[in-house]
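Structural overview for review
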Amino acid sequence: MTKSLKGIKRRTLVKSGLAGILATGVAPLVLTRGTYAQEYCNAPTGDTVTLGFNVPLTGPYADEGADEQRAFELAVEHLNGEGDGGMLPTYTPSVLTGQGVLGKKVAFVTGDTQTKADAARDSARRMIERDGVVMVSGGSSSGVAIAVQGLCQEMGVIFMAALTHSNDTTGKDKKRYGFRHFFNAYQTGVAIGPSLGKAYGNDRVAYHLTSDYTWGWTTEESMIASTEKLGWKTITPVRTPVGAGDFSQYITPVLNSGADVLILNHYGFDMVNSLTQAVQFGLKDKMVNGKQFEIVVPLVSDLMAKGAGPAMKGIYGTSNWDWQLEDAASQAFTKSFGAKYGQPPSQAAHTAYVQTLLYADACERAGTFYPPEVIKQLEGFEFDGLGNGPTLYRAADHQCFKDVLVVQGKETPSNPFDLLDHVDTASRESVTYDPAIFGGELGPDTAAMC
Amino acid sequence: MSTLAMDNPATKPTGQSAEKPFFICHDIHAYYGESYVVQGVNFEVRHGEVLALLGRNGAGKTSTLRTIARLDNPALQRGEIWLDGQPVHAMKSFEAARTGIQLVPEDRRIIQGLTVEENLTLAQVAPGVGWDLDRVFGHFPRLAERRRQEGTTLSGGEQQMLAIARAMMRNIKLLLLDEPYEGLAPVIVHEIEGIVNEIKALGITTIIVEQNAVAALRLADRAVILDTGEVAFTGTANEVLDNAELRQQYLAI
Amino acid sequence: MNATAKTLFSMSRRDLITLVIFALVVLAMPIWLSPLGAAYPGLMQKFAIYAIFALGFNILFGLTGYLSFGHAAFLGVGSYTAVWSFKLLSMDVIPAIIFAVILSGIFAVAIGYLSLRRTGIYFSILTLAFAQMSYNLAYSVLTPITNGETSLQLSLRDPRVLDLAFGPREPGLPSASLFGHTFSGLEAFYFCAVVLLLAFFIAQKIFSSPFGMMLRAIKSNQTRMNYAGFNTRSYAMTAFVISGMYAGLAGALLAITDPLAGAERMQWTASGEVVLMTILGGVGTLIGPVIGAWLIKYFENIFSAFNDTALTHFFGFVPDGLREVVVAISSKFVGEGWQLTLGLLFVLVVMFLPGGIMEGVRRIRGLFGSGRTPQTGAVSRPQAAE
Amino acid sequence: MNAILAQLLNGLDKGGAYALIALGLTLVFGTLGVVNFAHGALFMLGAFCAVAFRQLITLETVTLDPEKLSPWGAPLEIRTPLAQSWFGDFGGVLIEYSVPLSILLAIPVMAIIGIAMERGIIKHFYKRSHAEQILVTFGLAIVLQELVKAIFGANPISQPMPSVLRGAADVGMWLGMGPNVLTYPWWRLTYFLFATAIIGGVFAFLRFTTFGLVVRAGMADRETVGLLGINIARRFTIMFGLAAVVAGLAGVMYTPLVPPNYHLGMDFLVLSFVVVVVGGMGSLPGAVAAGFLLGILQSFASMTEIKSILPGIDQIIVYLTAVIVLLVRPRGLFGRRGVMES
């Protein structure tokens, strides 16, 4: 098989279309690689460089998607030297100038993934083929992120995954062109274990309700591993469809199952619904096996905490980042985001913002947008000042390693955005694992003509 | 519906007799979907008269009655129907009913799920009421006994009584009786015949369609015989009873 | 209307002209779509693929009047089969298409056998129920086959026994190929376009064949056909299976242009979409469903991407104060609101133009008094078989 | 045993929603003979009546505090709900009971929407084929949901229930099983009771009023009703309004269970048709019985014990039941001869 030639540039379409007709309607085989002046997909030619932000604006994760989009727009502003610069000054080592990237002004296009793999790939293809984006970012569902990451690998466009927490994204489905700053389910399990043991003891029976897709499965697996290490028992996990709305039929059996902990491997509106419904069922007030019944939500965000309202009180979970962190970078970002949007950023917004900066910085350091060079800059990159402390972009699986926050729903919030208590931090060392445990291959970094 | 001859409702149909008839069917054509079931039927009924509409199966008798009652099917495509100077052809079935046309359908159409009494009171929801409930129950004591029973659980004869009684609760100008004796035991037929005779005695203009031509002719003043959607004969009841050839050809009796 | 065609390839002059014009329009898409902002391979491929889907759906609904609300299930089956063919056998598109068409045909036989026992809305609900079951199962317990929400994708470790028997494993994910030639984006479009032309040609043959006549007769009066001794169900069944295979073909092409198969493709809203396409374009006409498919896909991909900035630019001629108002109102109908426009358009079409866009074209043509006879097989309004 | 009872309760509240939606759908179908694919959208509109009501009474005045700063350094916003500033404590009560109170808004709004729909569109489709009815109402459903999306956004908007009905009732105590053996959320019990009340109300209306008599007669035999001089078409509009109100009320009370979004109607549409078909097209008792039956079946199918025998059954039970019923009993459980057959 020869080097793949996938699609051609918009500007040459008319010409090749004509060629197609001349070749009596058969595929225009006359076109060869030599026809092109560029040597990689969507090499920016003018004085702008376009980035594609592909986030869910509808579907169960729409809240997170909207927040990601806000952060992307903010990041583009800051890269172009507008606004207060956000985390640009705190980020080290940085070569970002605030004058665009490689002298080009940053432009962007957006798309709605609808939280569906098909629609997300469609949208990403439109960005790549029509709008000529040189990088795609976004996520909010690991299923979507993995699907888009696969497409980006094929088309030779870098994918800076934003919100995706499944182990598979940088595990069995990892790709050379895909990078993830967000932490993953495995790290959640490792981080939350000690806190759960401390708070709820070592003799517990856990019931899992799990979103039926890659993120749910890996979260469930990681949570089972870490809680069983504590000595907890696990009742057969129950899989629930994404976006089910009413989870009552899955919650009812919990009441008589003998479990004394309910672990909700749900995210976004699913988690908001299942948690509030579980609380309505009186689970939090129940005594089972002589112990207070507890609910755990492995991955929480401010947005979900806001959606769940009082139901969130006292519930443990983990976060990638929280706006109330006191380091200078987090404060700068929160201030910048809050001034623009009137609300603090969520962890989804944070990771989206950081990924955009990291990509831009890698291009600057590489001195080109040529993906293989950009990839080299990101692989094994050690940085700080983006809100998570010292962080490593591991070369082996393109996963970032940094501290993980353990949080708990606040009992008495002081303001409508003060919803999570930062109760513990799992160190970067403790959540680092051997990349081999999840398998997968990154694949080649050869540039493609998309 | 569009070809209905309604452009000038004031125009009186052609071919009237000297005495102004009470009810006129003038050249009516009606279709069930694509099948042409009433093919230009003409006849007249005088006030207070009973007309027997006869013919073999499929001759178009029921279709003619349904057309007169202005039901959706068969659809009247052409022709005029006049009752007491009112253009029935331009009406919908509920309007025809309010004008005073009452069809007692061949399968009685007792409404499922409604009691005897409900079936009856339903007839007095719309304006143009006739007998009241007491008078009906006075006339039909068997219905009075079963007033709380569901209408469709009655026997065939009782259902026929109910159907007629229901019609009587409307203000009737023209009664259309479709096969009143059909499927009933001889004893019951006799009973219904008695009721129909009483109605005749009240002077209600009636068109009766009946397989049992002899029974119908006993009752009727005049008769119209239909054959494949057209009028084959018009005359007095006795002319039909006396003409064996006619009976043989069109009625098979 | 050449019902007496002797050989497979003879066709009426009129059909031939239609086919040639259609071929020119399809093959020249990269040119005429360019000013419309739609001339990129991803969308043009969709134009070709969904046109095939709608063509096939129309063979069932347009000809027999059976309104299936579950046709997306066959599309999904086609996609999954094609991706599995890529994974297990070869990246060549020919086996993928063949398997997809056969398997969706088998699926159609099974679902059609049960659903066609009922007519009218009962038929619609049965097909809907089967499609929803397929969708829900694909999402949950069939995950080992469908990869659930994440969607079925190629992986570096796929066996691909045929490909690997002839050559070593290349680094990276392979792409679909035809006899060893790997498709580029535009080539993939031309491949789909050629398949569309073929599908269109077959649809033309079906429309003008005695079989097509029989299907129309089922639509106009099934009971009478039954009385006349025709086994209408077997005719309807054949139409159902053919249209299922068209859907399977479309599904396979979706997988060829982008080797991923997701369960959402089978959801009932996807089935509803092909109904919209067919009605919007003109049910029972040959070209109508194709136009409907293009229109909806254009709306979905281009219209939906209009934003306030684009609108402000578009309404540049409107005075300043008023412009904001115009933009604010019109922005409800484009961008994220594109479905509102689609829904309104659809309601208006069903109410005032039951023959869809094609009827509009005929009426306009009639207005100018060219007085030509309606197009082959034009049927003015949808009618459920009841 | 308790597990089964709990699932039964769960089936009853689910079934209540299904039955209410199917009831309205059947009213429309039975009297008007119209297959209304926009019925789910009416349910959704009802839910958004609750949302709109709450948004109205929680309209806030925003003032900036000149001294205090928000955590991100912007001036702090002080929000005061207008209802509270105008009505004082009563405003608080309004907000607390916004969901049940929005029924008062939903009844006239849904009636108007229903009547407008019937007069504007449905009326023209009585004599057209069922396929065309499906199509136009499907289009209408898209329009309605997109309008709601344009106004209220794509995200679900949660509606809090009154605090007295939060938490769970100790149903086990009532049944003499001892404390905390069987608990069930108050609001779900309320929903079940509410559904039963509405269903009872509709049946009583049909049973004991002249209008109801005409409607029952019209559902059974429209032709004969016309022969008795009754203009049934005039009552269709009212019936459509009533069906819209029933669907809307089902939607209002559903909001605290699942935060409504614009897509809610489509989610329920397929299901409600399945319920109607299982119950028997045009049969009101059938719609109610099938609603509860499917709710209970769905609830039981979600039990781990059942899923371990029949994996995935919880996902397809509703459709599977529909297919089996349609193939074995084409008229559904309570269907009458001659409905949708010809």
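Counting of residues starts from 1 at the beginning of each chain's written sequence and follows it residue by residue. A letter from A marks each chain and a number from 1 marks each ligand, given out in the order of writing. Where local features are concerned, this predicted model is filtered to residues with pLDDT of at least 70; where side-chain atom pairs are given and counted, the filter is 80 or more; whole-chain, interface and lining totals use all residues. Values reported for side chains reflect all heavy atoms of the structure, with hydrogen atoms and water molecules removed beforehand.

**Remarks on the overall build of chain C**
Secondary structure follows DSSP: runs of H or I at least 4 residues long count as helices, runs of E at least 2 residues long count as strands, and numbering of each begins at the N terminus. Across its full length, chain C carries 18 helices and 4 strands. Expected size for 386 residues packed as a compact globule is a radius of gyration near 21 Å; at 22 Å, chain C falls within 12% of this value. C-alpha atoms of chain C, sized along the principal axes, occupy 70 × 65 × 40 Å. Whether two residues are in contact is decided by their heavy atoms: any pair within 4.5 Å suffices. When contacts within chain C are restricted to residue pairs at least 6 apart in sequence, long-range pairs at least 24 apart make up 77% of them. Atoms considered for the radius of gyration are the C-alpha atoms alone. The globule rule reads 2.2 Å times the number of residues to the power 0.38.

**Quick notes on the overall build of chain A**
Along chain A, the regular secondary structure elements total 12 helices and 17 strands. A compact globule built from 450 residues would reach a C-alpha radius of gyration of about 22 Å, and chain A, at 23 Å, matches this within 12%. Expressed as lengths along the three principal axes of its C-alpha atoms, the size of chain A is roughly 80 × 50 × 35 Å. Look at the contacts in chain A between residues 6 or more apart in sequence, and 74% of them connect residues 24 or more apart. Charge-centre separation for chain A: the mean point of 38 positive side chains lies 5 Å from the mean point of 48 negative side chains. Note on charges: Lys and Arg go in the positive column, Asp and Glu in the negative column, and His and the chain ends are not counted at all. Positions of charges follow a simple convention, taking NZ of Lys, CZ of Arg, CG of Asp or CD of Glu.

**Considerations on the pattern of salt bridges**
Every case where a carboxyl oxygen of Asp or Glu lies within 4 Å of a side-chain nitrogen of Lys or Arg is listed as a salt bridge. For the structure shown, the criterion picks out 50 salt bridges over all chains. Arg109 of chain B is the partner of Glu223 of chain D in a salt bridge, and the nearest nitrogen-oxygen pair spans 3.1 Å. Placement of the pair is Glu223 of chain D in helix H10 (residues 222–227) and Arg109 of chain B in the loop between strand S6 (101–104) and helix H3 (116–122), with the two residues belonging to separate chains. Between Glu300 of chain C and Lys297 of chain C there is a salt bridge; the shortest N-O distance is 3.3 Å. Placement of the pair is Glu300 of chain C and Lys297 of chain C together in helix H14 (residues 287–301), with a separation of 3 residues, close to one helical turn. Several salt bridges converge on common partners, so that one network encompasses Arg142, Glu145, Arg146, Glu158 and Glu191 of chain B.

**Notes on the sheet that holds strand S8 (residues 205–209) of chain B**
Residue and element names in this part refer to chain B. A pair of strands is considered paired only if DSSP assigns at least 2 bridges between the two. On the basis of which strands lie adjacent, the open sheet formed by 6 strands has the order S6-S7-S8-S3-S9-S10 and mixed pairing. Two strands close off the open sheet at either side, each with one partner strand: S6 and strand S10 (230–236). When strand polarity is set aside, the average angle formed by the axes of neighbouring strands in this sheet is 15°. Pairing geometry for strand S9 (residues 222–227) and S10, over 6 bridges, is antiparallel. Along S10, the bridge assignment pairs Leu226 with Val231. An axis is simply a line fitted to the C-alpha atoms; with a helix, the fit covers only the stretch in contact. Between two such axes, the angle follows the N-to-C directions and lies from 0 to 180 degrees. Along the sheet face, helix H6 (residues 156–168) touches S6 and strand S7 (174–178) and points at about 175° away from the line of S6. Contacts between helix H10 (residues 244–251) and the sheet are confined to strand S3 (50–54), S9 and S10, with S9 contributing the most and set at about 40° to the helix.

**Overview of the packing of helix H13 (residues 268–281) of chain C against H14 of chain C**
Residue and element names in this part refer to chain C. As a packed pair, H13 and H14 sit with axes 6 Å apart at the nearest point and diverge in direction by 120°. In terms of orientation, H13 lies oblique with respect to H14. Judged by the twist between their axes, the crossing of H13 over H14 is right-handed. When H13 is examined against H14, the residues Glu273, Leu276, Met277, Thr278, Leu280 and Gly281 are found in contact with a partner set consisting of Gly288, Pro289, Gly292, Ala293, Leu295, Ile296, Lys297 and Glu300. Orientation is classified from the angle alone, with under 35 degrees giving roughly parallel, over 145 giving roughly antiparallel, 65 to 115 giving roughly perpendicular, and any other angle giving oblique. The handedness criterion is simple: a crossing whose near helix is rotated anticlockwise from the far helix by less than a right angle is left-handed, and one whose near helix is rotated clockwise is right-handed.

**Quick notes on the UniProt feature "domain: Leucine-binding protein" (unreviewed entry) in chain A**
UniProt positions are given in the numbering used here, feature names are shortened, and annotations may be inferred rather than shown by experiment. The feature "domain: Leucine-binding protein" (unreviewed entry), as given by UniProt, occupies residues 48–410 of chain A in the numbering adopted here. Overall, residues 48–410 of chain A shows 41% helix and 21% strand. The separation of its end C-alpha atoms is 45 Å.

**Observations concerning the domain arrangement of chain A**
When the parts of a complex come together, some accessible area is lost, and that lost area is often taken as the interface size. All names here are of chain A. Domains are outlined according to an automatic or database domain assignment. One can read the domain layout of chain A as domain 1 (48–183 + 323–402) and domain 2 (186–319). Between domain 1 and domain 2, the C-alpha centre-to-centre distance is 29 Å. In this description, buried area is defined as the sum, over both parts, of the accessible area (probe of 1.4 Å) that is lost when the two are combined. For the pair domain 1 and domain 2, the summed buried surface comes to about 1900 Å²; carbon and sulfur atoms form 55% of the total. Interface area lost by domain 1 to domain 2 is led by Tyr61, His165 and Phe183, which between them contribute 29%. Put simply, domain 1 and domain 2 have 0 salt bridges between them. Two N or O atoms count as a polar contact when they lie within 3.5 Å, although within protein this holds only if one can serve as hydrogen donor and the other as acceptor, and sequence-adjacent residues are included solely when both atoms are side-chain atoms. Along the contact surface separating domain 1 from domain 2 lie 13 residue pairs in polar contact (both at pLDDT 80 or more). Every element with two or more residues in the side of domain 1 that touches domain 2 is listed here: helix H2 (62–79), helix H4 (142–155) and strand S15 (400–401). Among the residues forming the side of domain 1 that touches domain 2, the class breakdown is 11 nonpolar, 10 polar and 4 charged. In this count, Pro and Cys sit with the nonpolar residues alongside Ala, Val, Leu, Ile, Met, Phe, Trp and Tyr, while Asp, Glu, Lys and Arg are called charged and the others, Gly among them, polar.

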